[in-house]
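# Secondary and tertiary structure notes
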Amino acid sequence: MTAETTGVRLDCDGPVATVTLCRPDVLNAQTPAMWRAMSDFSRDLPGDVRVVVVRGEGRAFSAGLDLSVAGSSGPGSFAELSTLPEQECADRIAEYQGGFTWLHRPDVISIAAVQGHAIGAGFQLALACDLRVLAEDAKFSMAEVTLGLVPDLAGTKRLAELVGYSRALEICATGRRMDAAEADRIGLATLVVPGAELDGAVRDLTAGLLANNRDAIVEIKALLAGAGGRTHAEQQRAEREAQTRRIRDLAGRGE
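Reading the values: the criteria
Residues numbered from 1 in each chain as written. Predicted model: local features only at pLDDT ≥ 70, side-chain atom pairs only at ≥ 80, totals over all residues. Heavy atoms only, no water. 1 Å grid on protein atoms, 1.4 Å probe; cavity = no way out; pocket = protein on both sides within 12 Å on 5 of 7 lines; lining within 4 Å. Points joined across faces, edges and corners; volume = space filled by probe spheres on them. Helix = DSSP H or I, 4+ residues; strand = E, 2+ residues; numbered from the N terminus. Nonpolar A, V, L, I, M, F, W, Y, C, P; charged D, E, K, R; others polar. Domains from an automatic or database assignment. Salt bridge = Lys/Arg side-chain N within 4 Å of Asp/Glu carboxyl O. Buried < 20%, exposed > 50% of the residue type's maximum accessible area, 1.4 Å probe, protein only. Contact = heavy atoms within 4.5 Å. Buried area = accessible area lost by both parts, 1.4 Å probe.

### Section: empty space enclosed by the protein
Enumeration over the complete set of coordinates arrives at one cavity of 30 Å³ or more. By volume, the largest cavity amounts to about 80 Å³. Residue lining of the largest cavity: Arg50, Val51, Pro106, Asp107, Val108, Ile109, Leu209, Arg214, Ile217 and Val218, and that is the complete set. With three residues, helix H11 (residues 214-227) is the largest single contributor of residues to the lining of the largest cavity. Residues belonging to the lining of the largest cavity are distributed by class as follows: seven nonpolar, no polar and three charged. Two domains each provide a minimum of three residues to the lining of the largest cavity, namely domain 1 (3-210) and domain 2 (212-251).

### Thoughts on the pattern of salt bridges
This structure, assessed with the given rule, holds 17 salt bridges. The salt bridge partner of Arg55 is Asp199, with a shortest N-O separation of 3.0 Å. Taken together, the residues span a long stretch of sequence, with Arg55 in strand E3 (residues 51-56) and Asp199 in helix H10 (residues 198-210) at a distance of 144 residues. Of the residues examined, Asp199 reaches a relative accessible area of 39% and is grouped as partly exposed. Linking Arg105 and Asp107 is a salt bridge whose minimum nitrogen-to-oxygen distance equals 2.7 Å. Residue Asp107 is classed as partly exposed on the basis of its relative accessible area, which comes to 27%. A cluster of three or more residues bridged by salt bridges with shared partners is formed by Arg167, Glu170, Arg176 and Glu182.

### Description of the side chain of Arg92
Mapped onto the elements, Arg92 comes out in helix H5 (residues 86-101). Owing to a relative accessible area of 15%, Arg92 belongs among the buried residues under this scheme. In this structure, Arg92 is in contact with Arg36, Gly76, Glu80, Leu81 and Leu84, ignoring residues within four places of it in sequence.

### So, the domain arrangement of the protein chain
For the protein chain, the assigned domains are domain 1 (3-210) and domain 2 (212-251). If you average the C-alpha positions of domain 1 and of domain 2, the two centres end up 28 Å apart. A per-residue breakdown of the area domain 1 buries against domain 2 is headed by Arg50, Pro106 and Ile109, which together make up 53% of the total. Taken together, the connections running from domain 1 to domain 2 amount to one salt bridge. With a shortest N-O distance of 2.8 Å, Asp130 and Lys221 are connected by a salt bridge. Looking at the side of domain 1 that touches domain 2, the element that brings in the most residues is H10, giving three residues. Of the residues contributing to the side of domain 1 that touches domain 2, the split by class is seven nonpolar, three polar and five charged.

In structure tokens form, the structure reads like this:
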């Protein structure tokens, strides 16, 4: 499958991989074919990749679900999904979620470079990334509720972790739009920059991540990602164990 047929491509340059949504004529609206292709990228990723940048061509990151596909009767449409047995429908959605959840991988840091609209599935794709660099014109909205749907592409937990339950509920239940300044204020943005500086800011952030020891960063990501589910004592134990591995590895005594 090519980028022309799926609407998304993967480019690798040494330790940096770039996932680009390339349907600018429809503001990078997403389809099941794109989600399958993105899931495949995880298997195609070279072992030396340390940073994955996700971006959209044109003036928007992603306007969300392509309603022309969802509203048809073809594969991936609401009409088709509604005819499936419940477990089969859930399994199909799990397949789609795989296009997002691989960005949580412990061995890479993922960065969303967001300009313009990031709506619905676009918002969830940005949430799937570890870090989010926003242009000043960025707009977020969890718009699924306006279609009578729920966010189902692995975005709800990440949103609640970032902004808390009550704010996440308000964002999802109203479907309202928020600008980059609000996203920054409530903790959704890692960095907000003028639109002309977006690419440079992502390059600088990437360089900063690559400047440090890969194995240490993998351990740090695991410590922070698991912190919410651990007690203080459990987190301290995890820190001790991670540091022991690092000390032994740096001394040439690692496994």
